[in-house]
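# Commentary on secondary and tertiary structure
Residue-level listing of the chains:
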Amino acid sequence: MTYPTIRPSLNLDFQNSKLLDPKIEFSRSSTATYVEGGVVKTASSNVARFEKQGLLLEEERTNAIYPSIIPTTSTDKVLVNDASLTASSGTAPDGSNDATLFDVDSGSGSNRFYVFTGGVVQDEVYSIYIKSNSSDAAFGMRFSGSYVSSSGNNDVLYTFSTGTLSGDFYDEYPDQVSVESLANGWFRLVLTNKVNTTSSSGAYLQTRDSVGEILVWGFQREVGTDVTSHIPTTSSTVTRSADQAKISGDEFSSWFNENEGTLIINATNVEEGNYVSALTSGTTGTPDTLALYRKDNDEWRAYNTAQVTFTSTDSDANSALAYSVSDTTRTASAAWKGSLVSNVPTDTSSIAFTSLQIGTGPKTVGHSNGHVSKLSYYDRQLSDAELEKITS
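Residues numbered from 1 in each chain as written. Predicted model: local features only at pLDDT ≥ 70, side-chain atom pairs only at ≥ 80, totals over all residues. Heavy atoms only, no water.

### What to know about the packing of aromatic side chains
Put simply, the test is: Aromatic rings from Phe, Tyr and Trp, taking only the six-membered ring of Trp, are treated as a pair when their centres fall within 6.5 Å; an angle between ring planes under 30 degrees marks them as stacked, one over 60 as edge-to-face, and anything in between as tilted. The classification of residues rests on relative accessible area computed with a 1.4 Å probe and restricted to protein chains. Under 20% of the type maximum is buried, over 50% is exposed, and intermediate values are partly exposed. Counting from the N terminus, the helices are DSSP H or I runs at least four residues long and the strands are E runs at least two residues long.
Using the criterion set out here, one finds 27 aromatic pairs in the structure. On the numbers, 5.7 Å between centres and 80 degrees between planes, the contact of Y114 with F116 is edge-to-face. Residue classification places Y114 among the buried residues on the basis of a relative accessible area of 11%. With a centroid separation of 4.7 Å and an interplanar angle of 45 degrees, the aromatic rings of W300 and W336 are classed as tilted. You can see W300 sitting in strand β25 (residues 299-304) and its partner W336 sitting in strand β28 (residues 329-336), a full 36 residues away along the chain. Note on W336: relative accessible area 8%, which makes it buried.

See the structure below:
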């Protein structure tokens, strides 16, 4: 196996440069948050977001909880039941003084705050930022009511002193619970489950079995299977618009070879059911495409208009898609993490590609909801040995 001896005609290293190449057309019609140095920051509309993994590209999502700053008394969406909550009690993950103190020992009765989640049978993701404010602190949440992955009461507990997760829900569904570490002692607790009732009060997520003093901030409920960036809310739901990034027109033809070429894709945390990037002949109808797609937890797909499915449980991508065109026939080959992908289809009525969609599929949908770390393009079809080496 050997590396290519030519340089790529396009080389976008988002992870290291943290810059948007001027060739790229980028848009997003709303503000959006991102994490830099462990701190939650806000990007203006139409400004790309870069995190340590690379360029963050997300679909449209709505935070159904408001306010996202934990209130001290009940609101339309956040209900407070005997909990001791004090507003503006500490520096929040975004640098504001909007963290709410949850003093478990001073509460009474049920000593909880919670949100109803029933109404639509659908996958949902719940997240909240938490920070210890006492040496014995632990933060617990409980699914109550009708969910696909739980019945009755199912708990998750995060113990700050040991950095460990426990509880019957976590024990049975560890892949549906995660904790992300941020700066200044903050963590983001993420839970996923599927609501299994059309009754608005038939399912709810509540705090339970917490201990000590905990700072809380940034409560979020969104439809999907993977968490996305925090969406702040105040008096109503808020929708973050989708990121769109592409190269087209003269900026595309300046490096693209319609006769043969190879696209190298590196990405992280790609959500199931979504694309990473795609060369495409158009964005409507049924365009031709050369693309990489994560089908589900166990499988990915490589597209040369038609598809081939291959097995991988990894959510990170290190892949290469190569092609050559003769008359109207486009043959293709692919590699995934050092190994060739078998049986990549041949397109016998190929249409020339006109754009590169970054972080989405050929029709500008199917966002990766993760990070594109690097994209590069060679203006020739790399050999099988080169494909294996460059993706190993």
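### Topic: the layout of surface pockets
The following threshold applies: Here a cavity means grid points, on a 1 Å grid over the protein atoms only, where a 1.4 Å probe fits yet cannot get out; a pocket means an open set of points with protein on both sides within 12 Å along at least five of seven lines; lining residues are those with an atom within 4 Å of a point. Grid points are joined across faces, edges and corners, and a volume is the space filled by probe spheres set on the points. Each residue receives one of three labels: charged for Asp, Glu, Lys and Arg, nonpolar for Ala, Val, Leu, Ile, Met, Phe, Trp, Tyr, Cys and Pro, and polar for the others, Gly being one of them.
Its boundaries defined by the atoms lining it, the largest pocket holds a volume of some 1200 Å³. Considering the residues around the largest pocket, the lining is formed by 42 residues, among which S178, V190, D226, V227 and N269 are closest to the centre. If one sorts the elements of the lining of the largest pocket by residue count, strand β16 (residues 177-181) sits on top with five residues. Residues that form the lining of the largest pocket fall into these classes: 14 nonpolar, 18 polar and ten charged.

### So, the nonpolar core
For clarity, the threshold we go by: In this text, buried Ala, Val, Leu, Ile, Met, Phe, Trp, Tyr and Cys residues form a nonpolar core when linked through side-chain atoms within 4.5 Å. In this description, contact between two residues means that some pair of their heavy atoms is separated by no more than 4.5 Å.
Core analysis: the largest hydrophobic core is formed by 40 residues, its most contacted members being I247, W255, L279, L292, L356 and I358. Setting aside residues up to four positions removed in sequence, L356 forms contacts with L10, A245, K246, I247, F252, W255, L263, A278, L279 and L375. Among the nonpolar cores identified, the runner-up in size contains 32 residues, and V78, V80, Y147 and V177 belong to it.

### Description of the sheet that holds strand β26 (residues 306-311)
Selection criterion: Pairing between two strands is assigned when DSSP locates at least 2 bridges connecting them. Only the contacting stretch of a helix is used when fitting its axis, a line to C-alpha atoms as for every element, and angles between N-to-C directions run 0 to 180 degrees.
Read across the open sheet, the seven strands follow the order β2-β21-β30-β23-β24-β25-β26; overall the sheet is antiparallel. Each edge of the open sheet carries a strand with a single partner, namely β2 (25-27) and β26. Here the strands of the sheet are splayed against their neighbours by 15 degrees on average, with no regard to which way each runs. Examined bridge by bridge, β2 and strand β21 (residues 244-248) share three bridges and lie antiparallel to one another. What sits directly across from F26, in β21, is A245.

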